[in-house]
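# Structure assessment
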Amino acid sequence: MQIKLVPGNSAGTVVAYYLRSQGSSWDEIDFEFLGNLSGDPYVLHTNIYTQGQGNREQQFYLWFDPTIDFHTYSVLWNPSQVVVYVDGTPIREFKNLEGAGVLYPKSQPIRVYSSIWNADDWATRGGLVKTNWTLAPFTASFRNFSAKKACIWLNGASSCSSSNGTSAPWLTQNLDDAGQMQMKAVRGKYMIYDYCRDTKRFPQGLPLECSLTTKS
């Protein structure tokens, strides 16, 4: 999806673009853009839910002004990993580590959603900066959504598992060495929060995937 975010003072607002399944034990992959005061950087808040379990937040400063022009926000979701991209650059990876006991989103069909909403209790500087409603309406723009040869859920089955299944390179795609280097560079420079480093939040121990050799 290509998105252009709310210009000017957008403090308190959240622009969301996310993939989510139905029900109480849902899977979800989130892009949430936390509004700011004019001149401050936008924060990209990402999260991944599996069977209703989230708490996998990672946050990044964007390295450009996302209000001036459209930028592309993408997800690679296949049986082996979820990879989140900004303008084709990978910023986070969540591997399928089911063999080690980590839940992975793989068995529920998902839909794509987008919204803009008021979250001034937490979105901007932890809720210190409130929404200035005199500046409303707050407008974000979306265009050029694409789902390349996506698996279609129909009559209780996925087209990718049928005898006439979809053949698409993304089903077996992995981050190569160049992609891993790109992701490491972005995370080192622009990541501002990682749940896998928040020992105060998880006093009984970090989530299982954080302790494995292959990090999410």
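Data block above holds the structure.
Read on for an overview of the structure.

The rules behind these values
- One numbering rule holds for all chains: residues counted from 1, following each sequence as written.
- Whole-chain, interface and lining totals are the exception, using all residues; otherwise, since this is a predicted model, local features are given only for residues with pLDDT of at least 70 and side-chain atom pairs are given and counted only at 80 or more.
- Only heavy atoms go into the side-chain values, all of them from the structure, while hydrogens and water stay out.
- We call a residue buried when its accessible area falls under 20% of the maximum for its residue type, exposed when it is over 50%, and partly exposed in between, using a 1.4 Å probe and counting protein chains only.
- In this description a helix means any DSSP run of H or I spanning at least four residues, a strand means any run of E spanning at least two, and both kinds are numbered starting from the N terminus.
- Note: two strands are recorded as paired if DSSP finds a minimum of 2 bridges between them.
- A pair of cysteine sulfur atoms is labelled a disulfide when the two atoms are within 2.5 Å.
- Buried Ala, Val, Leu, Ile, Met, Phe, Trp, Tyr and Cys residues form a nonpolar core when they are joined through side-chain atoms within 4.5 Å.
- Here, residues are in contact when the closest pair of their heavy atoms is within 4.5 Å.
- Put plainly, a pocket is an open set of points on a 1 Å grid over the protein atoms alone with protein on both sides within 12 Å along at least five of seven lines, a cavity is a set where a 1.4 Å probe fits but cannot get out, and a lining residue has an atom within 4 Å of a point.
- Grid points are joined across faces, edges and corners, and a volume is the space filled by probe spheres set on the points.
- Think of a polar contact as two N or O atoms within 3.5 Å of one another; within protein, one of them needs to be a possible hydrogen donor and the other a possible acceptor, and neighboring residues in sequence only count if both atoms come from side chains.
- Throughout this description, the term salt bridge denotes a Lys or Arg side-chain nitrogen within 4 Å of a carboxyl oxygen of Asp or Glu.
- The length a helix should cover is 1.5 Å for every residue beyond the first.
- The directions considered for the arc run from the helix axis to the C-beta atoms.

## What to know about the pairing of strand β3 (residues 28–34)
Looking along a regular strand, one sees side chains alternate from face to face of the sheet. With 7 of its 7 residues buried, β3 lies for the most part within the structure. Side chains Glu28, Asp30, Glu32 and Leu34 of β3 all project onto a buried face; the interleaved residues Ile29, Phe31 and Phe33 project onto the opposite face, where all are buried too. Pairing of β3 with strand β4 (residues 43–49), which is carried by 7 bridges, proceeds in the antiparallel orientation. Across the sheet, Glu32 pairs through a bridge with His45, a residue of β4.

## So, the state of the cysteines
Here a disulfide denotes one covalent bond, and it connects the sulfur atoms of two cysteines. Tallied over the entire structure, the rule returns 2 disulfides. Note on cysteine connectivity: Cys151 is disulfide-linked to Cys160, with sulfurs 1.8 Å apart. Taking the torsion about the sulfur-sulfur bond, which here is approximately -95°, the covalent link between Cys151 and Cys160 counts as left-handed. Given a relative accessible area of 29%, Cys151 falls into the partly exposed group. One disulfide in the model links Cys196 with Cys210; its S-S distance is 1.9 Å. Between Cys196 and Cys210, the disulfide has an S-S torsion of -75° and is therefore left-handed.

## Here we look at the nonpolar core
One finds Phe33, Leu62 and Tyr73 to be the most contacted residues of the largest nonpolar core, which totals 21 residues. Secondary-structure elements contributing two or more residues to this core are β2 (13–20), β3 and β7 (81–86). In contact with Phe33, other than residues within four places in its own chain, are Ile3, Leu5, Thr13, Val14, Val15, Tyr42, Val43, Leu44, Leu62 and Tyr73. Leu97, Val102, Tyr104 and Tyr195 belong to the second largest nonpolar core, which has 12 residues in total.

## A look at the pairing of strand β6 (residues 71–77)
The pairing of strand β1 (residues 2–4) with β6 spans 2 bridges and is classified as antiparallel. From the neighbouring strand, Gln2 faces β6, where its bridge partner is Thr72. Direction of pairing for β6 relative to β7: antiparallel, over a ladder of 5 bridges. The partner of Val75 across the bridge, within β7, is Val84. Between β6 and the antiparallel strand that follows it, β7, lie 3 residues.

## Overview of empty space enclosed by the protein
Overall, the coordinates contain 1 cavity of 30 Å³ or more when judged by the stated rule. The computed volume of the largest cavity comes to approximately 40 Å³. Around the largest cavity, the lining residues are Leu19, Asp27, Glu28, Ile29, Ile48, Tyr49, Trp77, Pro105 and Ile110.

## Structural notes on the side chain of Ser21
Summarising the element assignment, Ser21 is placed in the loop between β2 and β3. Here the side chain of Ser21 touches Asp27 through a polar contact of 2.7 Å, landing on its backbone nitrogen. A distance of 3.3 Å separates the side chain of Ser21 from the side chain of Gln108, its partner in a polar contact.

## What about the pattern of salt bridges?
Under the criterion given, the structure shown has 8 salt bridges. Of the charged contacts in the structure, one is a salt bridge between Arg201 and Glu57, with a shortest N-O distance of 2.7 Å. Taken together, the residues span a long stretch of sequence, with Arg201 in the loop between β13 (191–194) and α2 (208–211) and Glu57 in the loop between β4 and β5 (58–61) at a distance of 144 residues. Between Glu93 and Lys95 there is a salt bridge, with the nearest N and O atoms lying 3.2 Å from each other. Connected through shared salt-bridge partners, Arg187, Asp194 and Arg197 make up one network.

## Some remarks on helix α1 (residues 177–190)
The periodicity of an α-helix, 3.6 residues per turn, causes residues three or four positions apart to be oriented the same way. In this model, α1 (14 residues) spans 20 Å end to end at C-alpha, consistent with the 20 Å of a helix rising 1.5 Å per residue. Burial in α1 covers these residues: Gly179, Met183, Val186 and Arg187. Relative to the axis of α1, the buried residues are bounded by an arc of 95° and lie together on one face. Exposed residues lying more than 90 degrees from the buried face of α1 are Asp177, Met181, Lys184, Gly188 and Lys189. Measuring from the backbone nitrogen of Ala178 back to the side-chain oxygen at the start of α1 gives 3.3 Å, which picks out Asp176 as the cap.

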